[in-house]
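Residues per chain, in single letters:
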Amino acid sequence: KVTYSQFLLRGAILSNTDWIIGMVVYAGHDTKLLRNVGKNKYKQTRVEKTLNKIVIVLIIFQVLLCLTVSILAANYNKQQTVVVN
């Protein structure tokens, strides 16, 4: 009779034993251990979160600055062509 106390879960290490007899009970993708593998969330520190916000603000500022300068340059070029003609 096989009981739960005789099971070794995935990743377990058996030591101080000369020999063992083993049996695979179920090793599919629906096992509890395999379903929980790889679901760790990436943890960010406060510094990383703050830097991410600062980078986003700087990118938005650069885009707005580029748009403003390009509009002003277009207006300046239009005024220069009017004065020449």
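Relevant structure appears above.
The paragraphs below set out a description of the structure included in this document. (Residues numbered from 1 in each chain as written. Predicted model: local features only at pLDDT ≥ 70, side-chain atom pairs only at ≥ 80, totals over all residues. Heavy atoms only, no water.)

Describing the environment of Asn 75
(1) Moving on: Inspection of the secondary structure puts Asn 75 in helix 2 (residues 46-84).
(2) Moving on: Exposure remark for Asn 75: the relative accessible area of 38% places this residue in the partly exposed category.
(3) Moving on: Asn 75 sits 10 residues away from Leu 65 along the chain, and the two C-alpha atoms are 15 Å apart. (Helix = DSSP H or I, 4+ residues; strand = E, 2+ residues; numbered from the N terminus. Buried < 20%, exposed > 50% of the residue type's maximum accessible area, 1.4 Å probe, protein only.)

Thoughts on the layout of surface pockets
(1) Moving on: Size it by volume and the largest pocket reaches roughly 720 Å³.
(2) Moving on: Residue composition of the lining of the largest pocket, by class: 15 nonpolar, three polar and two charged. (1 Å grid on protein atoms, 1.4 Å probe; cavity = no way out; pocket = protein on both sides within 12 Å on 5 of 7 lines; lining within 4 Å. Points joined across faces, edges and corners; volume = space filled by probe spheres on them. Nonpolar A, V, L, I, M, F, W, Y, C, P; charged D, E, K, R; others polar.)

Points about the environment of Leu 67
(1) Moving on: Assignment of secondary structure puts Leu 67 in helix 2.
(2) Moving on: Between the C-alpha atoms of Leu 67 and Glu 48, which are 19 residues apart in sequence, the distance is 29 Å.

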